[in-house]
Structures are given as C-alpha cells and as structure tokens.
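Working through the structure, step by step
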Amino acid sequence: MSESNKSETSSFIGSNNSHHPVGKVEIAGEGGEFVIINKHKYYRHDLMAAFGGNLQPGAAPYPTVNINPAPLGLCGFALTTFVLSLYNAQAMSIKIPNVVVSLACFYGGAAQFLAGLMEFLSGNTFGFTALTSYGAFWLSFAAIFIESFGIGAAYTGFEEQLPNALGFYLMGWAIFTMLLWLNTFKATVPFSALFFFLFVTFLLLAGGEFSGKTGVSRAGGVFGVITAFIAWWNAYAGVATPQNSYFQVLYIPMPGNQMKP
C-alpha cells in the first residue's frame, strides 16, 4: 500500500469516528483489499462476512477455533420449532403437545445449548447469546410439561391464571427476540428473516394466550413453521461447501450491506 493511501486511510478512520455510527464497515486500499471495522483494519481475505450459516451478524475476523457450531444449534432449533408449531397450528387435529418434550430436552435444548457454548469458544458473542438462550428456552418449555417440576400443579384451582402466565412467558421471549433481530440489519436477508419471523411467532403465541382465541395461536403455529424452514436454510448455508455439495445457498445481503462472502 502506498504512503499516500496510508495517509488517506488514516485520515478516513479519524473522520469515520466522528461522522458515522460505531459498527459501520468501510472498504479501503487501492483495490479495496482492506476492511475497516470500528477503526480496526483487516485484509478482506482474513474476514468472515455477515452470514446466517455461522450466526455472525456482521463482518468479523475468522475464529481461531476451526469449527462452526451454528448449524447444530440452528438444526436443533428448527426441528423442535417445526414439531411444536405444527401442534400450535393444530395440524392433523393434534392437540396434545407432549411429544415435543423429548426434542425440547435433548435437541432443541441440550444440543443447542452446547452449540451456544461452542460459539463462546469461537468468540461469536451473538451466536453464544442466541443459541444458549434459545437452548435454555426449550429446556424451560419442557419443564412446564414435566410433572416433577410441579409447574402445572402449582395452578391447580387457579387454572384461569395459567394462560396469562404463559402469555407473560412468551411475551418476554418476543422482546428478547426483537432485540436480537435489531442486530441483524447488516447481515443477510435469511439471517434477519429468521429472527423477524421468530419474533412474530412469539408475539402471536403470546396474543393467543392472552386473548384465548385459538385462531391467533394457530397463526403463531403457521409463522413458527415458516421460522423453522428459515432456520434450516441458514443451517444448510453453514454446512454446504463447494467441497461437499453441488448446491450452494444464494447469498442475499441486507440493503446497504456491501460486504461479500
């Protein structure tokens, strides 16, 4: 890089700090070979772009741990969400959801929680927060249906309180999901869509509990099924490579995101 370009880059970094919000990604260098993120400069080939397959919401250096745990967490989340959402949508007239408890404990719960801990080791704060939280969600959801926890029994004689209590529970997860969604606007369309549809799913399920209207809960089930397929899409993006698959996921950046994978 020439001295003039170094000077231009240094000047640009100083102006970037005062005129642009923190987190803005910029390209520098004669051939656009450098990326500046929060005043730190990296070579493009040393960066990992925003990518749903590894739950990185923005450009970041490649992790030192040579494994991508995100697809495991996404698949655990997707399958458990798919089964529960079909119940919520009352597909095949099934109204007893207990079959999902095994998935909520071992796949959507334990496996996803483990994937989140592995994201911690890889230095991915977003992936760690999302996967461990939703893994804990599935474990807590399973606990509601396991008699030894005594959650259902606590409402004996006060059954009218249970729907509102579940509504508060689901509303809290809707708020949490919205906060994560707000951090995906520099990512890809499927990545951002995953958290948007999940947010709407929680919102509808909470509304169904508060209102007591089956139609609202069934709508939440439909959105949940869509969410599950989007999660599988992102998971596939994380495991499909030119070395193992002829079918690659199309990269669709969010508007304004100029980073390429």
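One structure accompanies this document, and this report is about it. Fair warning: this is a prediction, and the values are worked out from it, not measured in the lab.

1. A word on the side chain of T81
- Counting through the fold element by element, T81 comes out in helix 2 (residues 70–88).
- Not counting residues within four places of it along the chain, the set of residues in contact with T81 comprises W138, G224 and A228.

2. Side note on the side chain of S192
- Summarising the element assignment, S192 is placed in helix 6 (residues 189–211).
- In terms of polar contacts, S192 uses its side chain to reach the side chain of W181, at 3.3 Å.
- Leaving out residues up to four positions away in the same chain, S192 has contacts with W181, T184, F185 and M254.

3. Details of helix 5 (residues 162–181)
- Over its 20 residues, helix 5 extends 28 Å from the first C-alpha to the last, a length consistent with the 28 Å expected when each residue adds 1.5 Å.
- When helix 5 is considered as a whole, its buried residues turn out to be G167, L170, W173, A174, T177, L180 and W181. With its buried residues spanning 135° around the axis, helix 5 presents them on a single face.
- Buried residues along helix 5 sit in contact with helix 4 (125–145) and helix 6.

4. A few points about the nonpolar core
- Core analysis: the largest hydrophobic core is formed by 39 residues, its most contacted members being L55, Y134, F195 and F202.
- Among the secondary structure elements, those contributing two or more residues to this core are helix 2, helix 3 (100–122), helix 4, helix 5, helix 6 and helix 7 (214–239).
- Residue contributions to this core peak at ten residues, all from helix 6.
- Discounting chain neighbours no more than four positions away, the residues touching F195 are L55, F126, A130, Y134, T177, L180, W181 and T184.

5. What about the packing of helix 3 against helix 4?
- Relative orientation of the contacting elements helix 3 and helix 4 amounts to 160°, with a least axis distance of 7 Å. Considering the angle they form, helix 3 stands roughly antiparallel to helix 4. Crossing angle aside, the handedness with which helix 3 passes helix 4 is left-handed.
- Residue composition of the contact of helix 3 with helix 4, grouped by class: 18 nonpolar, seven polar and one charged.

Cut-offs and rules
- Residues numbered from 1 in each chain as written.
- Predicted model: local features only at pLDDT ≥ 70, side-chain atom pairs only at ≥ 80, totals over all residues.
- Heavy atoms only, no water.
- Helix = DSSP H or I, 4+ residues; strand = E, 2+ residues; numbered from the N terminus.
- Contact = heavy atoms within 4.5 Å.
- Polar contact = N/O pair within 3.5 Å; in protein donor to acceptor, adjacent residues only side chain to side chain.
- Expected span 1.5 Å × (residues − 1).
- Buried < 20%, exposed > 50% of the residue type's maximum accessible area, 1.4 Å probe, protein only.
- Arc of directions from axis to C-beta.
- Core = buried A, V, L, I, M, F, W, Y, C linked by side-chain atoms within 4.5 Å.
- Axes fitted to C-alpha atoms, helices over the stretch in contact; angles between N-to-C directions.
- Parallel < 35°, antiparallel > 145°, perpendicular 65-115°, else oblique.
- Left-handed = near helix turned anticlockwise from the far one by under 90°.
- Nonpolar A, V, L, I, M, F, W, Y, C, P; charged D, E, K, R; others polar.

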